[in-house]
Amino acid sequence: MSKRVAIMQPYFAPYIGYFHLINSVDEFVIYDNIQYTKKGWLNRNRILVNGNDKILTLPLKKDSDYLDVKDRVLAGSWEKDKIKILNLIKSSYKKAPYYNKIFPVISSIFELPNTNLFEFILGSLHLLNSYLKINTKITISSDVNIDHTLKSKDKVIAICKELNANTYINAIGGQELYNVQDFKNEGLNLKFIKSPPLNYKQYNNEFIPWLSILDVLMFNKRQHITDYLNKYTLV
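Conventions adopted
- Residue positions are given per chain, counting from 1 as you read along its sequence in written order.
- Given that this is a predicted model, residues contribute local features only at a pLDDT of at least 70 and side-chain atom pairs are listed and counted only at 80 or more, while totals for whole chains, interfaces and linings are drawn from all residues.
- Hydrogens and water molecules were not included; the side-chain quantities draw on all heavy atoms of the structure.
- A run of H or I in DSSP counts as a helix once it spans at least four residues, and a run of E counts as a strand once it spans at least two, with each numbered from the N terminus.
- In this scheme, a residue with accessible area under 20% of its type's maximum is buried, one over 50% is exposed, and one in between is partly exposed, where area comes from a 1.4 Å probe on protein chains only.
- Here, residues are in contact when the closest pair of their heavy atoms is within 4.5 Å.
- Surface accessibility follows the Shrake-Rupley procedure with a 1.4 Å probe radius. Residue values consider only the protein chains on display as shielding.
- His is not counted, nor are the chain ends; Lys and Arg add positive charge and Asp and Glu add negative charge.
- To locate a charge, take atom NZ for lysine, CZ for arginine, CG for aspartate or CD for glutamate.
- Take the residue count of a helix, subtract one, and multiply by 1.5 Å to get its expected span.
- A 3.5 Å cut-off defines polar contacts: any pair of N or O atoms within that distance qualifies, except that in protein one atom must be a possible hydrogen donor and the other a possible acceptor, and neighbouring residues in sequence count only when both atoms are side-chain atoms.
- Within this scheme, the nonpolar core is defined by two criteria: the residues are buried Ala, Val, Leu, Ile, Met, Phe, Trp, Tyr or Cys, and they are joined through side-chain atoms within 4.5 Å.
- Each Phe, Tyr or Trp ring (for Trp, its six-membered ring) is paired with any other whose centre lies within 6.5 Å, and the angle between the two planes then decides the class: stacked below 30 degrees, edge-to-face above 60, tilted in between.
- At least two DSSP bridges between two strands are required for those strands to pair.
- Axes here refer to lines fitted to C-alpha atoms; in helices the fit is confined to the stretch in contact. Angles between the N-to-C directions go from 0 to 180 degrees.
- Oblique is the label for any angle not covered by the other classes, which are roughly parallel (under 35 degrees), roughly antiparallel (over 145) and roughly perpendicular (65 to 115).
- By convention, the crossing between two helices is left-handed when the near helix turns anticlockwise from the far helix through less than a right angle, and right-handed when the turn is clockwise.
- Gly counts as polar in this scheme, as do all residues outside two lists: the nonpolar Ala, Val, Leu, Ile, Met, Phe, Trp, Tyr, Cys and Pro, and the charged Asp, Glu, Lys and Arg.
- Salt-bridge detection follows one rule: a side-chain nitrogen of Lys or Arg within 4 Å of a carboxyl oxygen of Asp or Glu.

Now for the overall build of the protein chain. Each helix and strand in the protein chain was counted, giving 8 helices and 8 strands. Taking all 235 residues of the protein chain together, 51% fall into the buried category. By sequence separation, contacts in the protein chain at least 24 residues apart represent 65% of the contacts at least 6 residues apart. Summed over its atoms, the accessible surface of the protein chain is roughly 12,000 Å², and 48% of this surface lies on carbon and sulfur atoms. Seen as two clouds, the 31 positive and the 22 negative side-chain charges of the protein chain have centres 8 Å apart.

The structure is reproduced here in structure tokens:
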């Protein structure tokens with residue numbers, strides 16, 4: 001029996017390609033035991049504000065830059081900060097066509113009780129998957145019984161084997177990282193997911209692509225999004 005697996009870092013309210021990847025596999029592994037990086041997108045994303053893209057950031061408690069994602073926590077000022085973030089989303093999207101349906105979903109994300117960064121992102125991912133009717137199994141990387149000192153493709157291959165996968169699907173950008181033959185030598189198919197362009201009306205502004213899934217949800221009917229999530233090419 002064939003089984004597809006994908007593995008990714010945790011990102012807060014990522015762009016729709018992330019959900020494309022989740023929807024394309026049988027099991028989605030999310031890394032919790034990787035080092036947090038300030039330059040990454042783990043706790044931030046882009047939304048539409050006054051016709052321009054603006055970075056939305058989850059504030060974190062000051063701590064060592066060498067901690068894993070699972071060891072970082074939201075700032076002590078989170079209770080106040082989340083109100084500011086919600087107010088920004090509200091003012092930016094209150095005239096969007098699906099605001100009344102989506103804002104309660106977003107509010108439920110910010111009401112999640114866990115202030116651990118990874119747990120908060122994981123909880124938000126479950127809520128968004130539920131709304132999008134994505135039923136893919138989500139597995140936390142540290143729960144997979146492998147040697148977690150492995151790096152790069154060796155770690156990916158070990159996870160795939162432990163989960164009895166025969167196909168590993170990666171984002172299209174991974175073509176520069178992974179070699180098909182390396183995976184074939186281990187009895188695995190390596191595929192890359194290619195998402196078709198997604199254009200939609202963002203008020204009357206010039207379209208800004210690949211914003212947070214929050215933007216997509218505000219401007220698109222759920223059925224249109226779920227239809228799109230089933231359209232992809234594996235190369």
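What follows continues from the structure just given.
The first and last C-alpha atoms of helix α4 (residues 117–132) sit 23 Å apart over 16 residues, in line with the 22 Å expected at 1.5 Å per residue. Counting buried residues along α4, 12 of its 16 residues qualify, which places the element largely inside the surrounding structure. Of the positions making up α4, those classed as buried are L117, F118, F120, I121, L122, G123, S124, L125, L128, N129, Y131 and L132. For α4, the N-terminal capping position is held by N116, with its side-chain oxygen 3.0 Å away from the main-chain nitrogen of F118. Looking at the residues trailing α4, positive phi occurs at K133, about 60 degrees.

What follows is about the nonpolar core. Residues F19, F28, I89, F110 and I213 are the most contacted members of the largest nonpolar core, which totals 82 residues. Considering each element in turn, this core owes the most residues, 9 residues, to α4.

Per the counting criterion, the structure on display carries 17 aromatic pairs. Between the aromatic rings of W78 and F110, the centroid separation amounts to 5.9 Å while the plane-to-plane angle is 25 degrees, which identifies the pairing as stacked. Of the two residues, W78 is situated in helix α2 (residues 78–93) and F110 in helix α3 (residues 99–110); the sequence distance between them amounts to 32 residues. Pair check on accessibility: W78 and F110 agree, each one buried. With centroids separated by 5.0 Å and ring planes inclined at 85 degrees, the aromatic side chains of Y203 and F219 adopt a geometry described as edge-to-face. Remark: F219 occurs in helix α7 (residues 213–219) and Y203 occurs in the loop between β7 (189–194) and α7; sequence separation between them is 16 residues. A residue is classified by how much of its surface remains accessible, and Y203, at 27% relative accessible area, is partly exposed. What makes F219 buried here is its relative accessible area of 7%. Three or more aromatic residues link up through ring pairs in this structure, and these residues are Y93, Y200, Y203, F207 and F219.

Okay, the pairing of strand β3 (residues 44–49) next. β3 sits mainly inside the fold: 6 of its 6 residues count as buried. Bridge count for β3 against strand β4 (residues 52–57) is 6 bridges, and the pairing is antiparallel. If you follow V49 over to β4, its bridge partner there is N52. The loop that links β3 with its antiparallel partner β4 comprises 2 residues; one of these, N50, has a positive phi angle of about 55 degrees.

One key point about sheets: their strands pair by backbone hydrogen bonds, in either a parallel or an antiparallel sense. The mixed open sheet is built from 6 strands, whose spatial order is β5-β2-β1-β6-β7-β8. The strands lining the two open edges of the sheet, one partner per strand, are β5 (137–140) and β8 (233–234). Of the strand pairs in this sheet, strand β2 (residues 27–30) and β5 are connected by 4 bridges, and their pairing is parallel. For E27, the partnering residue across the bridge sits in β5 and is K137. Sheet strands touched by α4: β2 and β5. Its angle to β5, the strand with the most contacts, is close to 175 degrees. Relative to strand β1 (residues 4–8), helix α5 (residues 152–162) is tilted by about 140 degrees, and along the sheet it contacts β1, β2 and β6 (167–171).

Once that is clear, we can look at the packing of α3 against α4. At a minimum axis separation of 9 Å, α3 and α4 run at an interaxial angle of 155 degrees. As far as their axial angle goes, α4 and α3 are roughly antiparallel. Taken as a pair, α3 and α4 cross one another with a handedness that is right-handed. Every residue of α4 that contacts α3 at I102, V105, S108, I109 and F110 is listed here: F120, S124, L127, L128 and Y131. Tallied by class, the residues present in the contact of α3 with α4 amount to 8 nonpolar, 2 polar and no charged.

Let's shift gears to the pattern of salt bridges. Per the stated rule, a full pass over the model turns up 8 salt bridges. Between K70 and D71 there is a salt bridge, and its shortest N-O distance comes to 3.8 Å. Relative accessible area serves as the criterion here: at 37%, D71 is assigned to the partly exposed category. Residue K82 pairs with E79 through a salt bridge whose shortest N-O separation is 3.4 Å.

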